[in-house]
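# Coordinate inspection notes
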Amino acid sequence: MIHDNAWTLYNDKDFKALEELSAGYIDFLNNGKTERECTELLVEMAKKNGYRDLQEVIRNDEKLAKGDKVYAVNMGKAVMMLNIGDDIIGDGMNVLGAHIDSPRLDLKTVPLYESEELAYLNTQYYGGIKKYQYVTMPLALHGVVVKPDGTKVVINVGEADDDPVFFISDLLIHLAQEQMKKTGSEVVNGEDLDIIVGSKPLKGEEKDAVKAALLAILKEKYDIDEDDFLSAEIEAVPAGRAREAGFDRSMILGYGHDDRCCAYPSALAMMEVADVRTTACGLFVDKEEIGSVGATGMESHFFEDMMREVLDRMGLYSEINLSRCFRNSRMLSSDVNSALDPLYLDRYEKSNSARFGHGLVFCKYTGGRGKSGSNDANAEYIAQLRQILDKHNVAYQTAELGKVDAGGGGTIAYILSLYGMQVIDSGLAVLSMHAPWETISKSDLYEAYKGYKAFLIEA
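Here's a quick rundown of the structure.

Scoring rules and cut-offs
Residues numbered from 1 in each chain as written. Predicted model: local features only at pLDDT ≥ 70, side-chain atom pairs only at ≥ 80, totals over all residues. Heavy atoms only, no water. Salt bridge = Lys/Arg side-chain N within 4 Å of Asp/Glu carboxyl O. Helix = DSSP H or I, 4+ residues; strand = E, 2+ residues; numbered from the N terminus. Buried < 20%, exposed > 50% of the residue type's maximum accessible area, 1.4 Å probe, protein only. Patch = residues over 30% accessible without salt bridge, like charges linked within 9 Å, V, L, I, M, F, W, Y side chains within 5 Å. Areas by Shrake-Rupley, 256 points an atom, 1.4 Å probe, with all protein chains shown as cover. Pairing = 2+ DSSP bridges. Axes fitted to C-alpha atoms, helices over the stretch in contact; angles between N-to-C directions. Contact = heavy atoms within 4.5 Å. Lys, Arg positive; Asp, Glu negative; His and termini not counted.

## Let's talk about the pattern of salt bridges
Overall, the coordinates contain 32 salt bridges when judged by the stated rule. A salt bridge links Arg241 to Asp27, with the nearest nitrogen and oxygen atoms 3.9 Å apart. With a gap of 214 residues between them, Arg241 in the loop between strand 10 (232-238) and strand 11 (243-245) and Asp27 in helix 1 (residues 12-31) connect regions that are remote in the sequence. Among the residues examined, Asp27 registers a relative accessible area of 41% and is labelled partly exposed. The salt bridge involving Arg347 is made with Asp346; its shortest N-O contact spans 3.8 Å. Beyond isolated ion pairs, a larger network of salt bridges with shared partners links Glu19, Glu244, Arg249 and Lys442.

Now the structure itself:
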């Protein structure tokens, strides 16, 4: 069932709101290319809108009650926001959960080396990528270096107009006869994704003079030594700004739509709902692209622990109350879906594919090949969401991730469903998902924002 293209339903007020939302999102993308940067932006938004640091509430032995808004940060890479409603135990929460990590290249622990008078940074790719897409394009370096004395040095090189950029070389076509016979997964090997960062030798050095020159620059500019890479987290991402795309400027081309195009409207919805009846919760997590593992991924106990702290501050804490709160909650696992691509129609089943301009995408079940690894939403929950979205005139559609047996994927939905929550995946349709540059429709971003806000108000 294909509904109307949302663009045909807008009035002048909608067009103005859509463009303002898109401009804010483009700024968010450009300033939040890593999970650390996104966390800083989200906390800044929360503070401006009356949210308090939960850790300060705990340290000051303050109480929490209806109307209070708090946030908690997990190791600088994930955020929980909570706007407390009437009955957090009996009503549960309305949860918007998105991830703020994206596919990229990470520097290895010992990255810097010289070969044939070129200096390189050795990398490991993060998340599912087509490795060949990362060669011969400008790259920027974002991250932190933490020195043994605790000093944190922020790295952000390659984004300003006068910054240098970095790149990975590729074999010229004239010598690539054997390379061109390889499959796509083999054209560029993972160990060949090494970034060229310099070629000018340090005068007077006899061995690894180019590497020595780079170390001298790092020492002068950042006061870091080679050993400091041991305690660094530096990511190589596509350099450059997100842009409007198309003659009609109807789309946005940028790095990191998956999943920041869901995180931003989710955060905005959290900021704009005020006196909520049901407690509103925003989760913005790390490590989804590699399985939601680790201390900052959704599989960690951070969410549980912070909810224990909240219930304790409310005088409601017990394990049975925590379980009831989770069990009575509803969640939109805000993650992207693949947009129907006319150039690759053999990979899609048209009736169950997401389309640009047709609004917020709901994916009843994820996984692949027999729903393996799936979260499968209940029909009763979907019916409730349909009623809410129709009431607020939100354009929406349903989709799967490609044909049966064509592939598949997963999100954080199954993790939250383990608490007994009602959970469904919802997000935006994305073209070229997991590529260095992805594309979304402005109208889908607008409908997602409207849908997330309606969910927090009504569910």
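## Thoughts on a nonpolar patch on the surface
On the surface, Leu171, Leu172 and Leu175 cluster together into a nonpolar patch covering about 280 Å² of accessible area. Along the chain, the position of Leu171 falls in the loop between strand 8 (152-157) and strand 9 (195-198). Accessibility expressed as a relative area gives 40% for Leu171, which makes it partly exposed.

## Considering the sheet that holds strand 6 (residues 118-126)
Spatially, six strands are ordered 8-7-10-5-6-9 in an open sheet, and the strand pairing comes out antiparallel. If you trace the sheet from one side to the other, it starts and ends with strand 8 and strand 9, each paired once. Pairwise comparison of adjacent strand axes, ignoring direction, gives a mean angle of 30 degrees for this sheet. Relative to strand 8, strand 7 (residues 139-146) runs antiparallel, the two being bridged by six bridges. Looking across to strand 8, one finds that Gly143 is bridged to Ile155. Along the sheet face, helix 4 (residues 209-222) touches strand 5 (104-115), strand 6, strand 8 and strand 9 and points at about 125 degrees away from the line of strand 5.

## Concerning the side chain of Asp341
Relative to the elements of secondary structure, Asp341 occurs in the loop between strand 15 (337-338) and strand 16 (360-363). Among buried Asp, Glu, Lys and Arg side chains, Asp341 stands out as unpaired, with Lys130 the closest opposite charge at 8.6 Å. Ignoring sequence-local partners within four residues, the contact set of Asp341 consists of Tyr348 and Leu431.

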